Amino acid sequence: MNKHALMLVLAVLLAGCDNTAAPLSFTPEMASFSNEFDFDPLRGPVKDFSQTLFNEKGEVAKRVSGTLSTEGCFDSLELHDLEANTGIALVLDANYYLDAQTQQKKLRLQGKCQLAELPASGISWDTDDNGFIVSSHGKDMEVNYRYDADGYPLGKTTVSGEQHLSITATPAADKRKKLDYTSVSQLNEKPLGNVKQTCDYDSHDNPVECELEVVDESVKPAVSRKYTIKNSIEYY
């Protein structure tokens, strides 16, 4: 075999190795923040991102945007729910997240950049040995969180008095398409609703655009709503 043929074979083999390399896992901060603030978790060296939810009329229903450090800590996070007319912008300052407008301390952090406490509400978070938030506690409420081996959030259970809410997410078998998932919600063991999402992905295995169907089973007959999620992601 001549030198050029050998180089071609090696290039093909190396390309094959790159294509079959396991996708990156979700960091504890990304997985935990997505759980708490209701957005899709992202993989890899994300510098900044935005996720915009459009309703069936093409109107913006919700928007989440954030910036992250090279270590994967959230330097800022902005949340807007246009349907509920609510929103907040948080910025990192030492071991707190401040309200960007009032500079009021909103969230206290543990370690370098993981959630620890929401002082105004008396809510605190607990982490496991890997840094993932596994539970939170309030005066009359307790939440437990679950993740798979890649750090993908598999849902949570919330207990408040006599109310028991469980959310169970099942991602696609393809590890590169974790955001293709189905989710089922139950309140006191009775069906509350379900969600199905399918996405197109970029080279980092992150969703670029997703179609989301939400079925509300708490009403009769059940009501189905469809949404589109468009993501903008910049990497380091």
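Given the structure is predicted, the values throughout are model-derived calculations rather than measurements.

The rules behind the values
- Residues numbered from 1 in each chain as written.
- Predicted model: local features only at pLDDT ≥ 70, side-chain atom pairs only at ≥ 80, totals over all residues.
- Heavy atoms only, no water.
- Helix = DSSP H or I, 4+ residues; strand = E, 2+ residues; numbered from the N terminus.
- Buried < 20%, exposed > 50% of the residue type's maximum accessible area, 1.4 Å probe, protein only.
- Polar contact = N/O pair within 3.5 Å; in protein donor to acceptor, adjacent residues only side chain to side chain.
- Contact = heavy atoms within 4.5 Å.
- Core = buried A, V, L, I, M, F, W, Y, C linked by side-chain atoms within 4.5 Å.
- Pairing = 2+ DSSP bridges.
- Disulfide = S-S within 2.5 Å.
- Phe/Tyr/Trp six-rings, centres within 6.5 Å; stacked < 30°, edge-to-face > 60°.

*Asks:* Mind showing me how you'd approach the side chain of Q197 here?
*Replies:* By the element assignment, Q197 lies in strand β14 (residues 190–201). Under the relative-accessibility criterion, Q197 is labelled buried at 2%. Within the structure, the side chain of Q197 is placed 3.2 Å from the side chain of D40, a separation counted as a polar contact. Not counting residues up to four positions away in its chain, the partners in contact with Q197 are D40, L179, D180, Y181, C210, E211, L212 and I229.

*Asks:* Which parts of the structure should I look at to understand the nonpolar core?
*Replies:* Most often, soluble globular proteins have nonpolar side chains that are buried together. Membership of the largest hydrophobic core comes to 39 residues, with the highest contact counts inside it found for F33, F37, F39, F49, F74, L77 and L115. With 4 residues, the top contributor of residues to this core is helix α2 (residues 28–37). Beyond its immediate chain neighbours, meaning those up to four positions away, L77 contacts F33, F37, F39, F49, V64, S65, G66, I88, A89 and L90.

*Asks:* Sorry if this is basic, but what is going on with the pairing of strand β3 (residues 74–81) here?
*Replies:* When a strand is regular, its side chains alternate between the sheet's two faces. Here strand β2 (residues 60–68) pairs with β3 via 7 bridges, running antiparallel. Residue K62 lies in a different strand from β3, and its bridge partner there is D81. Once β2 ends, the chain turns through 5 residues before running back antiparallel as β3, passing G72 with a positive phi of about 95°. Here β3 pairs with strand β4 (residues 86–93) via 6 bridges, running antiparallel. Bridge assignment links L79 to a residue of β4, and that residue is I88. In textbook terms, the turn of a hairpin is the stretch between consecutive antiparallel strands, and for β3 and β4 this stretch comprises 4 residues, one of which, N85, has a positive phi near 55°.

*Asks:* Looking at this structure, how should I read the state of the cysteines?
*Replies:* Covalent bonding between the sulfur atoms of two cysteines defines a disulfide. One pass over the structure, following the stated rule, counts 2 disulfides. Each disulfide in the chain links cysteines that, numbered along the sequence, combine into the pattern 1-2, 3-4.

*Asks:* Teacher, can you tell me more about the packing of aromatic side chains here?
*Replies:* What the rule picks out here adds up to 8 aromatic pairs. Their ring planes at 50° and their centres at 5.7 Å tell us that F33 and F37 sit as a pair that is tilted. With F33 and F37 both in helix α2 and 4 residues apart, the pair spans about one turn of that helix. We note that F33, like F37, is buried. Here F39 and F74 contribute two aromatic rings whose centre-to-centre distance is 6.2 Å and whose plane-to-plane angle is 65°, an arrangement assigned as edge-to-face. Taken together, the residues span a long stretch of sequence, with F39 in the loop between α2 and β1 (46–54) and F74 in strand β3 at a distance of 35 residues. Of the two residues, F39 and F74, neither departs from the other in class, the shared state being buried.

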